[in-house]
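Here is how the chains run, residue by residue.
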Amino acid sequence: MSVKRYNVRMAGIGGQGVVTASHIISNGVVISGGHSSLVPFFGSEKRNAPVESYVRISSDVIYEIGEIIFPNVIMIFHPSVITLGKSYTMPFYTGLKKDGIIIINSRTPIPFSKDEQKEMDDMEAKLYYLPATEIANDVAKTELATNMAMCGAIAAVFGMPDLGSLAASVKDRFIGKGIVVSGGTAALDSAIEKKFAKKQKLLEANMKTLEASYKYMMDKGWAHPDAKFVALTKEQHAAAGVA
Amino acid sequence: MSNMNAQAEGKPADWVPAGDKQKIVSAEEMFFKLPRETHFITGSEAARESIRRANVDIAISYPITPQSETMQQAGYLYDEGYIKEYYRGEEEIGVMSAISGASRAGVRCLTATAGPGLMRGMEAISSWPGARVPLVLMDMCRVINTPLAIQPDNIEMSFLINTGILLLHAENQQDFYDYPLAAFMVSEEVDVTLPAVVSVDGFFVTHARGQVSMTPEEYKLPPRDGWRAAIPAMDNENPPARLSRDAPIQKSNFISYHMHSSWQQEVFAAVERSAKYFRKYLNGLVEVVNPGAEDFIIASGAAASQAREAVRQEGEKGRKVGLVKIKSIRPFPHAELVEAVKDAKRILIPEFNQAGWMHKEVCATLYGRCKAIISAGPRVYGGMTMPTEMILEWLEKTRKDNP
């Protein structure tokens, strides 16, 4: 089997759960038997401040650490990363390798300047527009699940991790003790919990959002040939703590 | 934590500190014999798990950003009863002075800091080796110069090199679990009796996840025996008499200058004596990948990880590139290094700092003992990472310039 190797740069704004998404994807890959590592990058922890997180995913051993300067996948969690330059990496596609993939959370295409468009064309970059916030609002009834939609989408693009492992990773995040969270993130978790009243409901909404975006990418023909949409079973929901 | 304190902190009357339930095992058993299980955790969590097994008596922290969550994690361990005493100092000079005092009392001591805090506490830190206080400081390297950044840059290590402190450089989360345990054991050896710093390139390791193979949490290292030391622990039964009887070493007259000098020589001799213990506990002071190669990369910390990936990619292209990972900066592995690169023609020394302290160390060791061309780079600083592509470019250029 050929080795899959992806270097992903995730860029978004404070409060969207970019770092959380990177932990979930990374942990999901490890749960599914793959290899992964991640490193977050942020300044002050505040709403709307630029946030990046770098995730390495492979079916083989990973040695590299640190930021990813030359990604082959870029995920943009919020259009203002591009339109308002809320990014540590400017322009947002800097360093993208040839034939790279850019997934942008936006329902409509973003108007680029001629030069920007040319640079992306020269690199033969594939641009996928995913309405992650809309999916989150439709399915989970909150835009706070935007990061879940992004997780589901990227899993489909890579063909790893499978939805079951991703679900197990989400469970780890919200029920397990696997991830250290900062004070700000802990407060946000608490707000999310109150909104959903029960963790079970939160998990269920997250699972459904993962499934919806995974399926969206498959329907668009943007998923990896290895990606298989297998809806989470009742048992998997139950294992994840969903009643 | 005493049970009285525990009750004052809201624990039930029958509460037993979790550390008291752990079984003591020898260092050999802990490092080499106990079964291990792999977990996917951050560097700060790896540090916490290391501390959990280290039988720490007291931890003192000043938990300011950018130290990372490590001492926050140590606080949780205190709450669970794995650390007997824990408090927050007023700032780093206070913390570094207090931990020194705690060590003089003969107990096992831990603290942690990062670049800026380390520099603030440096006056106290640099007095530790002369005071022969065994303790462990975890150092999550962060940028100390302007412009400000909270990312790693290990220039602070260059300030520690000549203090007489034992200095290990962890590459990843696994090392940040293993090295502090070894550091506690070696630091407290009678013929060593020195403080130890375990540095790690912060953020890229402390905030990042990696695979860590760990022993079961119900086992811990043997406690420190305060009486086993090059200088005795402070006599807490009669402190005023003791302190007045043994005046601190000061340059008050001609004899004391000599005394200071010989004392310093003994400190650095003790650093060298620690090598035999680190060789045992760390499986050698260096790790050599692809011995006998013509091209070698010599690196420590995060640079070793980046170099490892470069070696892998070169291997995919059918080219053999060697790597010497240096685990211990003090003691420096002179003999191992000379042996590892004896056939090398070209050597690169990638570093995450501007000064190039590793390059200077390597050159000082290899001068006259190696025919290789030694390149001072690549180098990054100010908190940025070193892409593997950069090392590959340097390798290509070095080959071209030195066929």
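Please read all numbers here as calculations on a predicted model, not as lab measurements.

**Student:** Give a detailed account of the sheet that holds strand β7 (residues 166–170) of chain B, specifying residues and quantitative values.
**Tutor:** All names here are of chain B. Taken together, seven strands build an open sheet; the order of strands is β4-β3-β5-β6-β8-β7-β14 and the sheet is mixed. Looking at the sheet topology across the chains shown, the edges are occupied by β4 (85–88) and β14 (328–330). Between one strand axis and the next, the sheet turns through 20 degrees on average, direction left out of account. By the bridge criterion, two bridges tie β7 to β14 in an arrangement that is antiparallel. Counted as the bridge partner of Leu168 is Ser328 from β14. Together, β3 (58–61), β4, β5 (109–114) and β6 (136–141) form the strand contacts of helix α5 (residues 70–80), whose direction differs from that of β4 by roughly 140 degrees.

**Student:** Residue-level account of the interface of chain A and chain B, with values.
**Tutor:** On the chain B side, the residues contacting the 25 residues of chain A number 27 residues. Where chain A touches chain B, the interface holds one salt bridge. Here B:Glu389 ties to A:Lys97 by a salt bridge, and the two come within 2.9 Å at their closest N and O atoms. Our enumeration of links across chain A and chain B arrives at six residue pairs in polar contact (both at pLDDT 80 or more). Looking at the side of chain A that touches chain B, the elements that each hand over two or more residues are α1 (18–31) and β2 (35–42) of chain A. Class assignment for the residues of the side of chain A that touches chain B results in twelve nonpolar, eight polar and five charged.

**Student:** Give a detailed account of the sheet that holds strand β11 (residues 286–289) of chain B, specifying residues and quantitative values.
**Tutor:** Strand pairs in the sheet, formed through backbone hydrogen bonds, run parallel or antiparallel to each other. All names here are of chain B. Spatially, five strands are ordered β11-β13-β12-β15-β16 in an open sheet, and the strand pairing comes out mixed. Taken across any chain shown, the strands that pair with only one partner, and hence form the sheet edges, are β11 and β16 (373–375). Across the sheet, the axes of successive neighbouring strands diverge by a mean angle of 20 degrees, strand direction being ignored. Of the strand pairs in this sheet, strand β15 (residues 346–348) and β16 are connected by three bridges, and their pairing is parallel. The partner of Arg346 across the bridge, within β16, is Ile373. Together, β11, β12 (295–299) and β13 (321–326) form the strand contacts of helix α15 (residues 302–316), whose direction differs from that of β13 by roughly 165 degrees. Contacts from helix α17 (residues 357–366) reach β12, β13, β15 and β16, with the element oriented near 165 degrees to β16.

What counts as what
Residues numbered from 1 in each chain as written. Chains lettered and ligands numbered in written order. Predicted model: local features only at pLDDT ≥ 70, side-chain atom pairs only at ≥ 80, totals over all residues. Heavy atoms only, no water. Pairing = 2+ DSSP bridges. Helix = DSSP H or I, 4+ residues; strand = E, 2+ residues; numbered from the N terminus. Axes fitted to C-alpha atoms, helices over the stretch in contact; angles between N-to-C directions. Contact = heavy atoms within 4.5 Å. Salt bridge = Lys/Arg side-chain N within 4 Å of Asp/Glu carboxyl O. Polar contact = N/O pair within 3.5 Å; in protein donor to acceptor, adjacent residues only side chain to side chain. Nonpolar A, V, L, I, M, F, W, Y, C, P; charged D, E, K, R; others polar.

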